[in-house]
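# Coordinate inspection notes
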Amino acid sequence: MSNTGMNMRGKITFYEEKNFQGRSYECMNDCSDMSSSLSRSQSCRVESGCFMVYDRNNYMGNQYFMKRGEYSDYMSMMGMRDCIKSCRMIPMHRGQYRMKIYERENFGGQSHEMMEDCDNVMDRYRMNECQSCNVMDGHWLMYEQPQFRGKMMYMRPGEYRNFRDMGMSGQRFMSMRRITDSC
């Protein structure tokens with residue numbers, strides 16, 4: 001199996017109520033619509049792996065990164081306005097991380113290749129914003145503010161020509177972090 005294809009199994013359990021109460025739904029891979037299993041979800045446990053959870057079906061809306069741990073009331077902990085409607089398991093990557101970021105849409109403007117986390121694009125590369133990217137290796141989180149704060153977006157290997165096409169209009173990304181085993 002190639003480095004990019006290496007996975008560790010992940011397991012997350014969602015609960016309808018805070019503090020792990022009510023009906024539960026166990027998930028070990030991607031789930032685009034949890035509404036058939038749970039009417040709502042207000043707490044969860046990540047037993048293994050890492051997951052991105054979304055407040056809309058089909059991996060849309062606001063995204064939140066969840067690593068191993070207990071989230072007894074994630075709506076107030078994370079400032080969520082709505083409950084989780086879909087989730088995606090993040091495969092663990094072994095090997096190098098590479099991403100090329102671009103100042104403009106469609107890979108325009110200045111560009112920089114990254115292999116490490118970047119806590120501030122402006123300070124490190126003198127770029128006012130990042131509007132497209134190409135993820136060559138690994139899985140990354142991009143944040144709208146420096147120091148890994150604000151809204152985030154999960155980036156798998158692939159080309160991302162225009163973040164607006166992904167429902168991220170008006171959003172600029174100012175810091176990037178690799179998703180590693182130690183996240």
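Reading the values: the criteria
- Residues numbered from 1 in each chain as written.
- Predicted model: local features only at pLDDT ≥ 70, side-chain atom pairs only at ≥ 80, totals over all residues.
- Heavy atoms only, no water.
- Phe/Tyr/Trp six-rings, centres within 6.5 Å; stacked < 30°, edge-to-face > 60°.
- Lys NZ or Arg CZ within 6 Å of the ring centre and 35° of its normal.
- Core = buried A, V, L, I, M, F, W, Y, C linked by side-chain atoms within 4.5 Å.
- Buried < 20%, exposed > 50% of the residue type's maximum accessible area, 1.4 Å probe, protein only.
- Contact = heavy atoms within 4.5 Å.
- UniProt positions renumbered as here; feature names shortened; annotations may be inferred.
- Helix = DSSP H or I, 4+ residues; strand = E, 2+ residues; numbered from the N terminus.
- Salt bridge = Lys/Arg side-chain N within 4 Å of Asp/Glu carboxyl O.

As a further point, take the packing of aromatic side chains. This model, assessed by the stated rule, comprises six aromatic pairs. Between the NZ or CZ atom of Arg-178 and the centre of the ring of Tyr-97, over which it lies, the distance is 5.6 Å.

This next bit is on the nonpolar core. One finds Met-99, Ile-101, Cys-133, Met-142, Met-155, Phe-163 and Met-176 to be the most contacted residues of the largest nonpolar core, which totals 19 residues. Residues within four places of Cys-133 in sequence aside, it is in contact with Met-99, Lys-100, Ile-101, Tyr-102, Phe-107, Met-142, Met-155, Gly-158, Glu-159, Tyr-160 and Phe-163. Counting residues in hydrophobic clusters, the runner-up holds 17 residues, among them Ile-12, Val-46, Val-53 and Ile-84.

Let us now look at the UniProt feature "domain: Beta/gamma crystallin 'Greek key'" (unreviewed entry) in the protein chain. Taking the numbering used here, the UniProt-annotated feature "domain: Beta/gamma crystallin 'Greek key'" (unreviewed entry) corresponds to residues 10-48, 49-91 and 138-180. Helix makes up 0% of residues 10-48 and strand 51%, with an end-to-end C-alpha separation of 5 Å.

Now for the pattern of salt bridges. What the rule picks out here adds up to 11 salt bridges. In this structure, Glu-26 and Lys-11 form a salt bridge, with 3.4 Å as the shortest nitrogen-oxygen distance. One end of the pair, Glu-26, is in strand S2 (residues 21-27); the other, Lys-11, is in strand S1 (residues 11-17), with 15 residues separating them in the sequence. Classification of Lys-11 as partly exposed rests on a relative accessible area of 23%. Lys-11 is the salt-bridge partner of Glu-47, the closest N and O atoms lying 3.5 Å from each other. Placement of Glu-47 in strand S3 (residues 43-48) and of Lys-11 in strand S1 is noted, with a sequence separation of 36 residues between them.

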